[in-house]
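A structural walkthrough
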Amino acid sequence: MRWAWPFNGRASDDGHKEGNESLTGDARPDFLCVGAQKGGTTWLYQQLDSHPDFWMPPIKELHYFDKLSRVQRASPPRCRDERDLRFLESIKSLSAKPHMDLENYARLFEPKASLLSGDISPSYSTLSNQVIRRVVEYFPTLKVIFLARDPVERVWSHLSMEVHYRQIEPFEVTDVDQVNRNLLRRGMRLRSYPSEIVARWKRYVHPDRFRIYFFDDLQRNPTELRRSILHFLGADPEKPIRRLTADYNDWAGMEKLPFTDKVRSHVARFFKKELKTCARRLGGPARDWPARYGFSLLFFFGELADYFGLFLWRDWIA
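Take the overall build of the protein chain next. What the protein chain contains, in helices and strands, is 14 helices and 4 strands. Once local pairs closer than 6 in sequence are excluded, the contacts in the protein chain between residues at least 24 apart make up 77%.

Following this line, the structure appears as C-alpha cells:
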C-alpha cells in the first residue's frame, strides 16, 4: 500500500500550520529497525523486550509509516498490563485517521516513561525518500538500525515464510521460471537490495545515528551482536536479560523450501551485481558474500576495472 503525501502539519489555535518539530517531549521512539525482513528483526525485538532498559510495544511490527498500522496480524498482540492496553487503544485510534499523524505516533511511546523504546518494522525498508525525510526531520535524534543479510539467503527464507503462512501460492521450487516470477514481484524486489535500502536511509540519518548489523554475526556470535546493539541504543549490555539466551530464535524450527544447487546458483546470478555492490558499500561480512557463489575472482576484476576507469578519468580531466 502506498500513501500519497500522508503527512498533515499540526494546526495551532490560530489556524496556522506548525512545523514538524515534535511537541510530545520524551514521548517518542528512540530508534527504528527498518529491516531487513528475515534478517533477525524478530530476534532483536525479543532480546530488547526482555532487557530491563526497554519497554517495547506489545506489537513487534507497527507498520505505521507504510500502512498506517492497518494490517491483519497472525496472532493477537501482547496485553500483559495497563501500558500495553493503553498502547493498543492509542494505535487503534491512530490508524483510523486518514493521514499520517507524527505527533500522535510519538505519543504511542508514552508508556515507556524513562525507558528506551522503538519501532521494529522491516517493511520500513520499502519507504520512499519522501517519507524517510519527513520522519527523520520530525525525530532528529532517532537512531536507525538495519540488519543486513546475504540477498540470496534472505530471499529464499522470505519465500519459505510466505509459502508457510500461505501468503503466496506454493510453487515448483525447482522450476527457474516460477522462481523468477517470485523474485520479480515488486514487493520482493523492494526488500531484496540492501545496498539501495541503506543508501536511502543514510541520505537523511546522521552517520552517528545509523548502524548496519549483519545476520552473519547473529549466526556466529549472537552475544557480541546483542552487546553491540545495546551499546549503540544507549542500554547497559551488562544487565541480565530476562528469560532469553542470546541465541534464542523461535523461527529456527520453521521448515524452509528445498534449495537445490541449480536454483541456488540461478538466484545467486540474479543477485550477482547486488552481492558485489554490498561487498563494496556495506563492508563487514558482506565482503564475503560474492565468494559464496564463486564470484570472488569476478569481483576482484570488477573492482580493478573500476579503479582503472577512475584513474583514466582523473588523468583525462587533469
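Text resumes after the structure shown.
Tracing the backbone through its elements, the reader meets Gly283 in the loop between α13 (272-281) and α14 (296-317). Of the residues examined, Gly283 reaches a relative accessible area of 6% and is grouped as buried. In the structure, Gly283 is positioned 71 residues away from Ile212 in sequence and 9.6 Å away in space, judged by C-alpha atoms. Setting aside residues up to four positions removed in sequence, Gly283 forms contacts with Phe214 and Cys278.

Evaluation of the coordinates by the stated rule reveals 19 salt bridges. A salt bridge links Asp101 to Lys97; its shortest N-O distance comes to 2.7 Å. On the basis of relative accessibility, which here comes to 10%, the residue Asp101 falls in the buried class. Residue Arg220 is joined to Asp217 by a salt bridge in which the shortest nitrogen-to-oxygen separation is 3.3 Å. Pair noted here: Arg220 and Asp217 are both in helix α10 (residues 215-220), with a separation of 3 residues, about one helical turn.

Regular strands show a simple pattern: their side chains alternate between the two faces of the sheet. Counting buried residues in strand β3 (residues 143-148) gives 5 out of 6 residues, a clear majority hidden from the surface. Pairing of strand β1 (residues 31-33) with β3, which is carried by 3 bridges, proceeds in the parallel orientation. Residue pairing across strands places Cys33 opposite Ile145, the latter belonging to β3. Alignment of β3 against strand β4 (residues 210-214), held across 5 bridges, turns out to be parallel. Residue pairing in the sheet places Leu147 in a bridge with Tyr213 of β4.

Within an α-helix, residues lying three or four positions from one another point in the same direction, as the helix has 3.6 residues per turn. Here helix α5 (residues 129-138) has its buried residues at Val131, Ile132, Arg134, Val135, Val136 and Tyr138. Those residues of α5 that are buried are in contact with β1, α2 (64-67), α4 (102-107) and α9 (194-202).

Cis geometry is adopted by the peptide bond preceding Ala36, which originates at Gly35 and carries an omega value of 0°. In this structure, Ala36 sits in the loop between β1 and α1 (41-49). Notably, His63 is not glycine yet its phi reads approximately 55°, a positive angle. Along the chain, the position of His63 falls in the loop between α1 and α2. Judged by relative accessible area, His63 falls into the buried class, the value being 12%. Although it is not a glycine, Leu68 sits at a positive phi angle of roughly 50°. Residue placement: Leu68 occurs in the loop between α2 and α3 (82-95). Residue classification places Leu68 among the buried positions, given a relative accessible area of 0%.

A few words now on the side chain of Asp119. With respect to the helices and strands, the residue Asp119 is situated in strand β2 (residues 118-120). Although buried, Asp119 forms no salt bridge, and the nearest oppositely charged side chain, Arg73, lies 8.4 Å from it. Within the structure, the side chain of Asp119 is placed 2.8 Å from the side chain of Tyr105, a separation counted as a polar contact. Not counting residues within four places of it along the chain, the set of residues in contact with Asp119 comprises Phe31, Leu32, Cys33, Lys60, Leu62, Tyr105, Phe109 and Tyr124.

The rules behind the values
- Residues numbered from 1 in each chain as written.
- Predicted model: local features only at pLDDT ≥ 70, side-chain atom pairs only at ≥ 80, totals over all residues.
- Heavy atoms only, no water.
- Helix = DSSP H or I, 4+ residues; strand = E, 2+ residues; numbered from the N terminus.
- Contact = heavy atoms within 4.5 Å.
- Buried < 20%, exposed > 50% of the residue type's maximum accessible area, 1.4 Å probe, protein only.
- Salt bridge = Lys/Arg side-chain N within 4 Å of Asp/Glu carboxyl O.
- Pairing = 2+ DSSP bridges.
- Lys, Arg positive; Asp, Glu negative; His and termini not counted.
- Polar contact = N/O pair within 3.5 Å; in protein donor to acceptor, adjacent residues only side chain to side chain.

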